[in-house]
Amino acid sequence: MAKFDLKINNQSYQVDVAPETPLLWVLREHAGLTGTKFGCGIGQCGVCTVHLNGTAMRSCSLPVSAVGTKAVTTIEGLSEKGDHPVQQAWLQHDVPQCGYCQAGQIMTAAALLAQNPTPSDEEINTAMNGNLCRCGTYTRIHAAVKTASSLG
Amino acid sequence: MTFVKTSYNRRSFLKVSTAAGGGILLGFSWLSSCTSEPAQAPGLTMPENWYDINGFLKIGENGVVTIMSPNPEIGQNVKTSMPMIVAEELDVDWEHVVVEQAGLDTENFTRQLAGGSQSIRQGWNSLRTAGATARYLLLAAAAQQWGVPVEELATEAGVIHHEKSGQSIGYGEVASAAAGMEVPSEVPLKDPSAFKIIGSSRKNVDAQKIVTGQPLFGLDVQREGMRIAMVAHPPAFNLELESFDAADALAMPGIEQVFAIDTAPEGVEQQWSDVNAFPKAVAIVGRSTWEVMQARKALKVTWKPTGQAESTGQHTAALAKLMEKPTALPQRKDGDPDKAFEGAAKIVERSYRAPFLAHNTMEPMNFFAHVQQDKAELEGPIQTPEFLRTTVAAVLGMEPAQVSIMMTRMGGGFGRRLYGQFATQAALISQQAGVPVKLVYTREDDMTQGTYRPGYLVTYRAALDESGNLIAVQVKGAGIHGSPVFANRFPAGAVDHYKAEDYSLDSNISTGAWRAPRSNFMAYAEQSFLDEVAEAAGKDPIDFRLSLFERAATDPVGENNDYDAERYAGVLKLVKEKSGWGKPAPGLHRGVSAYYCHNSYVAQVVDVEIKGGQPKVKKVWCAVDCGIVVNPDAARNQIEGGIVDGIGHAMYSALTFADGRPEQQNFDRYRLIRHAEAPEEIETFFVDNGIDPTGLGEPSLPPIQSALANALYQATGKRLYSQPFMSEAEVLG
């Protein structure tokens, strides 16, 4: 066990966990932020996607000891009022079916648009390809990323 | 306007104390429900008092209405569409409605189950009646207050009007009195042409919570004193628990208890929903998920063989061998098929096969349970809460009334959560550990525990006469734990000579319903085959099918044909028109398919392009006849999802076995469709016929696989007889 000082959604947290504990479980069970989901545990499905200094990362495969002083942003902290352009676009297109993967989809899309505000279809395909949606909402996700691009 | 009989027992409304002023406050059934914020109108002011009008709804003094969503939400959007139906008949402004997920409540609700695409179809009358009855009670209260006949009153968007006297009053103002009124023996229902909410698109009531990451799912449940539990189940289907040594696991940080559980103890009757290959498992209880995961790796378990270690190669060979045996079970016979084949000008015979599939809901199995001396409280993702309660009560040694079950929003179902053994495990673990627990499965636990879509093999034979007319069809199928054949489905009824027969192969691998069970395979085989027969007959594939529907509609062969041939032909004609059937644009290849299942009709045309040896679906046109569409945009979402799901599994997915073990245990080896592989465009057209609604969550999945296979044939000249398509040849074209 070791103590870690984390900056999550602009708030300070101190957790006492084994250093190899993935950030995902620290967020869900120590910081009480359950918006970041568990899907596969091996970085293959993307439901656990968070931002580390603005870059999309798989929190299931990132030991808490590797976070250091980097700023962690989760779905709960993406916007203050839930009105980030990507969130607005998701609502506009009524994207979710079961909804479980959508936090990860939104975090990946938000990181893409922060880096590339007007991505092409190919660039959206490449960026979003690591996020599985078992309900098959990909066509809506794709349209919503384009809408968010125009809103941003 | 039609009248329906109400079947309410007044007692079910009156299990509450009468408040001062005669109104009725909060029935106890509300106590088990999960309160939600007003999803449709975040700025809505909540009332101070709620008046329980009936089990489906309560009205506040300010006119805000809470409507219960009775059925489990697995992503099929019933949490929005079922309350929409109640709101329609109640005649309220949807912006003044708050939706709450009901817990299991068999006094107020029937068939609280997510399965078979039946929530809307089977809930249609009771939801409408609930809204209409509540509306009538509000009218009766206003009539009494004003001293006028109830027949003279009208409603509009939550306000009661009396035209003669010019008086108006809001629902909230008479809610207290309405709660005490006598329930009528029958109530009028709206004419569908007067629907305002049904048929207009309303956003998912949970969407804001989903996009902001609020806790909604079973895995998000957190309770005071709650521990995390995991189980170790046998790694192969021919093994069972012999013994275990927990010393190393117990020595690890955060680990509290390790013990064996048995979800099928002697004397407890197993229901269909308890299907599982591994009743005996080892439970590990500790303070956090990560710590329990690590401890499980340190747990030493000895498994003992109980039967044969099966493999996919054996399954394939065994199914093929079975199909050679003369022991097929006859399911249907029309005319004299054997003679018809003898006299045929041309015979086409093809076999189709498909592998096992895992459900792979994105949210792995989990359940919360807090079992105490005299009661058990369960909460989590379950498609069959009523069945679960029966089993949990039995294994805990309690009465069903002592077990409460709250349904959380589910991170996918697809049939997996029809089988609630994981929830039974949670209850047993909580009982034995003496603490509230949340049981958590990893992806590997989920993918290796069974209840899969089984592997199938089917052979179709068709006989054509000299003019290319279809004169006979034979279908013979085999599957693991049951045949996939539907004897009374198309083309039964459309050919003079027809025979259906089947076989079942036993296995120690457990199987279960997987989105559109059996149809998810048979549609692929049937519609791929008919495409090939049409070609052999020298006919256009749509015209060929239409001529068969024409026969089935005007002069049906045999009895008990499952489908309505005119509705079937209707979707095919619609998709033909919308897609501009004929030659596709240069570089594109086109396929068609149509299928009937879950009481609904779907026809699809697909345009596919081959680029660098990889197929890309450019566009899907989809025509659907599911009767009245409650929530059109959400319905389109379901259709789109089924299409992507069907394409994905047909193209890429398979679960294979070696030495009794699944060879794919996570998404590194189990292939699911990804973003870039989804169709670029899906356009959906609903038939507007005013018929009561039928299934929607499943019917778009089965036919798309053959529409794609038929399009890929146009692209490559090769028919696809085995799924997944991309394992046959990684490069196409």
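Parameters and conventions
Residues numbered from 1 in each chain as written. Chains lettered and ligands numbered in written order. Predicted model: local features only at pLDDT ≥ 70, side-chain atom pairs only at ≥ 80, totals over all residues. Heavy atoms only, no water. Helix = DSSP H or I, 4+ residues; strand = E, 2+ residues; numbered from the N terminus. Rg over C-alpha atoms; globule rule 2.2 N^0.38 Å. Buried < 20%, exposed > 50% of the residue type's maximum accessible area, 1.4 Å probe, protein only. Contact = heavy atoms within 4.5 Å. Areas by Shrake-Rupley, 256 points an atom, 1.4 Å probe, with all protein chains shown as cover. Lys, Arg positive; Asp, Glu negative; His and termini not counted. Charge placed at Lys NZ, Arg CZ, Asp CG, Glu CD. Domains from an automatic or database assignment. Buried area = accessible area lost by both parts, 1.4 Å probe. Pairing = 2+ DSSP bridges. Axes fitted to C-alpha atoms, helices over the stretch in contact; angles between N-to-C directions. Salt bridge = Lys/Arg side-chain N within 4 Å of Asp/Glu carboxyl O. Polar contact = N/O pair within 3.5 Å; in protein donor to acceptor, adjacent residues only side chain to side chain. Nonpolar A, V, L, I, M, F, W, Y, C, P; charged D, E, K, R; others polar.

S.K.: Would you mind showing me how to read the overall build of chain B here?
M.R.: Scanning chain B from terminus to terminus reveals 18 helices and 29 strands. Relative to the compact-globule value of 27 Å for 733 residues, chain B shows a C-alpha radius of gyration of 28 Å, a close match. Overall size of chain B, expressed as C-alpha extent along the three principal axes, is 85 × 75 × 45 Å. Expressed as a percentage of the 733 residues in chain B, the buried residues total 64%. Considering only contacts within chain B whose residues lie at least 6 apart along the sequence, 77% involve residues at least 24 apart. Carbon and sulfur atoms make up 48% of the accessible area of chain B, which amounts to about 26200 Å² in all. Treating the 66 positive side-chain charges of chain B as one cloud and the 87 negative ones as another, the clouds have centres 4 Å apart.

S.K.: Looking at this structure, how should I read the domain arrangement of chain A?
M.R.: Interfaces are often described in size by the accessible area the parts lose on coming together. All names here are of chain A. Taken as a whole, chain A is organised into domain 1 (2–77) and domain 2 (85–150). One C-alpha centre belongs to domain 1, the other to domain 2; they are set 21 Å apart. Residue-level contacts link 16 residues of domain 1 with 13 residues of domain 2. Among the residues domain 1 hides against domain 2, the three largest losses belong to Val-47, His-51 and Ile-75. Together they make up 40% of the total.

S.K.: Looking at this structure, how should I read the sheet that holds strand S21 (residues 456–464) of chain B?
M.R.: In a beta sheet, neighbouring strands are held together by backbone hydrogen bonds and run either parallel or antiparallel to one another. Residue and element names in this part refer to chain B. Here we have five strands laid out as an open sheet, ordered S15-S23-S22-S21-S16, and mixed in their pairing. Every interior strand has two partners, whereas the edge strands, strand S15 (329–334) and strand S16 (346–354), have only one. On average, each strand axis in the sheet is inclined to that of its neighbour by 10°, with strand direction left out of account. Examined bridge by bridge, S15 and strand S23 (residues 497–505) share five bridges and lie antiparallel to one another. Pairing of Lys-333 across the sheet is with Lys-499, part of S23. Against the sheet, helix H8 (residues 312–324) engages S16, S21, strand S22 (470–480) and S23, with an angle of about 135° to S22.

S.K.: I'm lost on the interface of chain B and chain A in this one. Help?
M.R.: At the interface, 59 residues of chain B touch 51 residues of chain A. Interface area for chain B against chain A, summed over the two sides, is near 4600 Å², with a carbon-plus-sulfur share of 56%. Here chain B is connected to chain A by five salt bridges. One salt bridge in this structure joins Glu-640 of chain B and Arg-140 of chain A, with 2.8 Å as the shortest N-O distance. The interface formed by chain B and chain A holds 27 residue pairs in polar contact (both at pLDDT 80 or more) in total. Looking at the side of chain B that touches chain A, the elements that each hand over two or more residues are helix H5 (207–211), helix H7 (289–298), helix H12 (443–448) and helix H16 (632–651) of chain B. The biggest single contributor to the side of chain B that touches chain A is H16 of chain B, with nine residues. Grouping the amino acids of the side of chain B that touches chain A by side-chain chemistry returns 24 nonpolar, 20 polar and 15 charged.

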